[in-house]
Each structure stands twice: as structure tokens, then as C-alpha cells.
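Okay, here's what each chain looks like letter by letter:
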Amino acid sequence: DTPHYENVPFEVPDGWGWTTVENICSKIGSGSTPKGSNYAPDGILFFRSQNVYNDGVVLEDIKYISEEVFLQIKNYTISKDDLYVTIAGTIGVTGEVPTELDGMNLTENAVKITNIQINKNYLCLIIQSEFVQQQFQDKTHQVAMPKLALERILSTLIPVCTITTQSAMVSKFVEMDS
């Protein structure tokens, strides 16, 4: 059961509805970058916006932080159950966190969407869609470096359907993408 929104962008099929990101996750949070970019030659991986692309992570030029720096910013970790969305510079790059990067620190230039109450893969595809990306662009604060505020992500409208339909759509997309 989803709330009714006035002025919806378009009609959705029967059994579908409109909601916001805020209503389908219990938390969204941004990361933190070590002061002075205190990177270490090895240690704990640090998830930077330069390492992320839609639905993928590039480990080339990966940075590390020391245990000491990790403890200072440990509240800004990202889980394999989360999605990430870049919010500064390049806006809206979205993807899933690979299992091997579970628990890695997250840059301040991205947010994590966590405790997702719908199919995570479906949400990832919807956020990557032109429809949601245009909402992000419309909500971006234009300064020297474009920035998308957390509140604006939370208010982003998304179409939702049954969990069965979400799973079927994800499976079809994966099949078509292969």
C-alpha cells in the first residue's frame, strides 16, 4: 500500500503506485572523507566516487586508510546490502556494493541507501532510469561543484509494483543485458 501523491508525473498500471525513496528505506546517509586525504599505502579500503560507475565498482586506483583513520570515520561504512548514489560532481551514479567491499568506508561525495524495503535490484534500476536521473538533475544545487542534498534524494518519486513484479522485471533486465 503506497501513499497517494497529487501531480504524479504519469499514470502507472493497475497494481502500481507512487512513493518516495524516503518511504522505501529506513535510512539514507552520506559518507565522510579522511581529513587531509590521509590515505595509506595499504589498510582498509576507501570507497571514493572515482571508483564507482552505474552498477559497478572499479578497483583501479583504489585508496586505503589506516586503522586509526577508519576508527575516526567508522560510522560511514557501506554494506553489501546497500546501494550507493553519488551526490557531488557527477550526480546520480548508482550501484550495488560488491560483497568483497562490504564494510568499506564511503566517501562524503556519495550516500548510501540502506534498509531497503523493496527489491534492491529493482530500486537500483529505477534510480538509474532517465526518469529518476532527471529528478536528481532538477534538484541539484548548481555551484562550482554540483551537489545533491540528501533531502532531495529522499523526496524523489519512484513507481512501485508488487515484489513479484519487481523480481520479474529485474530478471528480464538481466536476461536482456546478457
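Predicted model, so just to flag it, every value in this text is computed and none were measured.

Draft legend 1. Inspection of the environment of Glu96 at higher detail. Locating Glu96 in the fold gives a position in strand E10 (residues 94-96). With a relative accessible area of 23%, Glu96 lands in the partly exposed category. Sequence-wise, Glu96 and Lys112 are 16 residues apart; in three dimensions their C-alpha atoms are separated by 9.8 Å.

Draft legend 2. Looking closely at the packing of helix H3 (residues 120-128) against helix H6 (residues 163-177). Here H3 crosses H6 at 65°, and the two axes come no closer than 8 Å. The angle between the axes of H3 and H6 places the two elements in the roughly perpendicular class. Viewed along their axes, H3 and H6 form a crossing whose handedness is left-handed. Seen from H3, the contacting residues are Asn121, Tyr122 and Leu125; seen from H6, they are Gln166, Met169, Val170 and Phe173. Taken together, the residues of the contact of H3 with H6 sort by class into five nonpolar, two polar and no charged.

Draft legend 3. How the structure looks around the pattern of salt bridges. Going through the model one piece at a time under the given rule, you end up with four salt bridges. The partner of Lys172 in a salt bridge is Glu175, and the shortest N-O contact between them spans 3.4 Å. Of this pair, Lys172 and Glu175 both sit in helix H6, three residues apart, which is roughly one turn of that helix. Take Lys172: its relative accessible area is 44%, and that puts it in the partly exposed class. What makes Glu175 exposed here is its relative accessible area of 52%.

Draft legend 4. Seen up close, H3. Those residues of H3 that fall on the buried side of the exposure criterion are Lys120, Tyr122, Leu123, Cys124, Ile126 and Ile127. Of the residues that open H3, the one with a side-chain oxygen 2.9 Å from the backbone nitrogen of Asn121 is Asn119.

Calculation criteria
- Residues numbered from 1 in each chain as written.
- Predicted model: local features only at pLDDT ≥ 70, side-chain atom pairs only at ≥ 80, totals over all residues.
- Heavy atoms only, no water.
- Helix = DSSP H or I, 4+ residues; strand = E, 2+ residues; numbered from the N terminus.
- Buried < 20%, exposed > 50% of the residue type's maximum accessible area, 1.4 Å probe, protein only.
- Axes fitted to C-alpha atoms, helices over the stretch in contact; angles between N-to-C directions.
- Parallel < 35°, antiparallel > 145°, perpendicular 65-115°, else oblique.
- Left-handed = near helix turned anticlockwise from the far one by under 90°.
- Contact = heavy atoms within 4.5 Å.
- Nonpolar A, V, L, I, M, F, W, Y, C, P; charged D, E, K, R; others polar.
- Salt bridge = Lys/Arg side-chain N within 4 Å of Asp/Glu carboxyl O.
- Polar contact = N/O pair within 3.5 Å; in protein donor to acceptor, adjacent residues only side chain to side chain.

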